[in-house]
Amino acid sequence: MFDYHVHTLFCGHAYGSMEEYVLRAVELGLEEIGFSGHYPYPPSFEETLPNCVIPAQSHPVYLAEAARLREAYRDRIVVRIGAEFDYLGDGQSFHPLDEARRLGLDFCLASVHLVDGVAVDYTPELLEKNLQRFTGGIDGVYDRYYRTLLEMVAPGYCTTVGHLDLVKKFNTLAGLAPGLDHSSMVEQVLERIASSGIAVEINTSGWDKPCGEQYPAIGILKKALELGIALTAGSDAHRPEEVGRHFDRLKVLLNQLGVRQLMRFEKLQAVPCDI
Ligand SMILES: [Zn+2]
Ligand SMILES: [Zn+2]
């Protein structure tokens with residue numbers, strides 16, 4: 001197995017050195033670990049949202065440390081270097097895959113965390129406080145989340161979509177459960193992902209959140225497989241001990257879905273691997 005979604009101290013809100021994450025992955029016997037540090041925001045965003053991403057001035061240090069670890073541990077584990085890019089809507093000043101190519105990254109994860117400037121995954125209190133900004137309340141948030149995702153996905157935009165149904169994170173909490181069925185929007189997103197040749201990540205962090213299940217939900221995964229979308233896996237670790245979290249459950253899930261292959265990435269090329 002491998003873990004392609006790992007944050008570290010560099011991200012401001014995660015803990016532990018990059019080396020501690022590699023050591024944990026070695027201890028678990030993983031074949032690969034992929035660093036997916038949050039890519040720096042444009043300067044205007046960084047001021048309003050501190051400690052969400054790797055600051056621009058630290059990013060070269062992050063890359064250099066990942067490259068050092070790749071060499072130092074090459075006999076024990078494969079270290080992949082990637083980034084998680086935040087889709088900030090139209091007018092974003094960089095293009096993730098181009099940026100990843102320029103930096104020589106192995107994979108390029110793209111995610112939506114902010115919908116019309118509101119973080120859907122930060123705290124339930126923050127989401128609740130901002131609900132009145134969306135027509136239809138929480139259902140309005142879901143609708144805008146999937147519309148934003150639909151806007152993001154395009155051929156050559158990224159290698160992988162992160163935590164596809166992240167908007168459900170707090171769905172078991174009072175007032176934050178959607179009342180409407182958003183599956184037709186999800187299907188549109190999946191169809192666009194399929195026609196763009198992009199992979200979808202199974203993110204095991206959801207098992208530790210109020211939603212109580214992996215991202216994305218099993219119904220979405222089934223539809224993704226029907227459409228021939230490739231899958232990859234990540235823990236979204238924010239502490240070294242979270243590397244490879246719930247991978248036993250993940251294996252059961254993959255078995256249940258009949259998935260025999262997951263996608264790894266090397267220098268932005270997809271490499272199918274039997275599991
Ligand atoms: Zn994320
Ligand atoms: Zn993440």
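See the structure above.
My aim in this report is to walk through the structure given alongside it, one point at a time. Everything numeric in this text was worked out from a predicted model, so none of it was measured.

## As for the coordination of the zinc ion (ligand 1)
Thought 1: Protein-derived coordination of the zinc ion (ligand 1) comes from Glu84 (OE), His113 (NE2) and His163 (NE2), at a distance range of 2.1 Å.
Thought 2: As a motif over one chain, the donors of the zinc ion (ligand 1) read E-x28-H-x49-H.
Thought 3: Taken as a pair, the zinc ion (ligand 1) and the zinc ion (ligand 2) show a spacing of 3.2 Å, with Glu84 coordinating each metal. Here His163 lies in the loop between β7 (160–161) and α7 (183–196) and Glu84 lies in strand β3 (residues 78–86), a separation of 79 residues in the sequence. Accessibility assignment for this pair places Glu84 and His163 in one class, buried.

## Structural notes on empty space enclosed by the protein
Thought 1: Following the criterion strictly, the structure yields one cavity of 30 Å³ or more and no others.
Thought 2: Considered as a void within the structure, the largest cavity measures approximately 40 Å³ in volume.
Thought 3: Lining the largest cavity we find Tyr4, Phe107, Leu109, Thr160, Glu201, Thr232, Ala233 and Gly234.
Thought 4: For the lining of the largest cavity, the elements supplying multiple residues, two or more each, are β4 (107–111) and β9 (231–234).
Thought 5: The element best represented in the lining of the largest cavity is β9, accounting for three residues.
Thought 6: Across the lining of the largest cavity, the residue classes tally to four nonpolar, three polar and one charged.

The rules behind each value
Per-chain numbering applies: the sequence of each chain, read as written, is numbered from 1 onward. Key to labels: chains lettered from A, ligands numbered from 1, both in the order written. Only residues with pLDDT of at least 70 are given local features in this predicted model, and only at 80 or more are side-chain atom pairs given and counted; all residues enter the totals for whole chains, interfaces and linings. Note that the side-chain values use all heavy atoms of the structure and ignore hydrogens as well as water. Coordination shells were defined by N, O and S atoms within 2.8 Å of each metal, extended to 3.2 Å for Na, K and Ca; water is absent from the atom set, which can make sites look incomplete. To qualify as a helix, a DSSP run of H or I must reach at least 4 residues; to qualify as a strand, a run of E must reach at least 2; elements of each kind are numbered from the N terminus. Burial classes: relative accessible area under 20% of the type maximum marks a residue as buried, over 50% as exposed, and values in between as partly exposed (1.4 Å probe, protein chains only). A cavity here means a set of points on a 1 Å grid, drawn over the protein atoms and nothing else, where a 1.4 Å probe fits but cannot get out; a pocket is an open set with protein on both sides within 12 Å along at least five of seven lines, and a residue lines either one if it has an atom within 4 Å of a point. Grid points are joined across faces, edges and corners, and a volume is the space filled by probe spheres set on the points. Residues are grouped as follows: nonpolar covers Ala, Val, Leu, Ile, Met, Phe, Trp, Tyr, Cys and Pro; charged covers Asp, Glu, Lys and Arg; every other residue, Gly included, is treated as polar.

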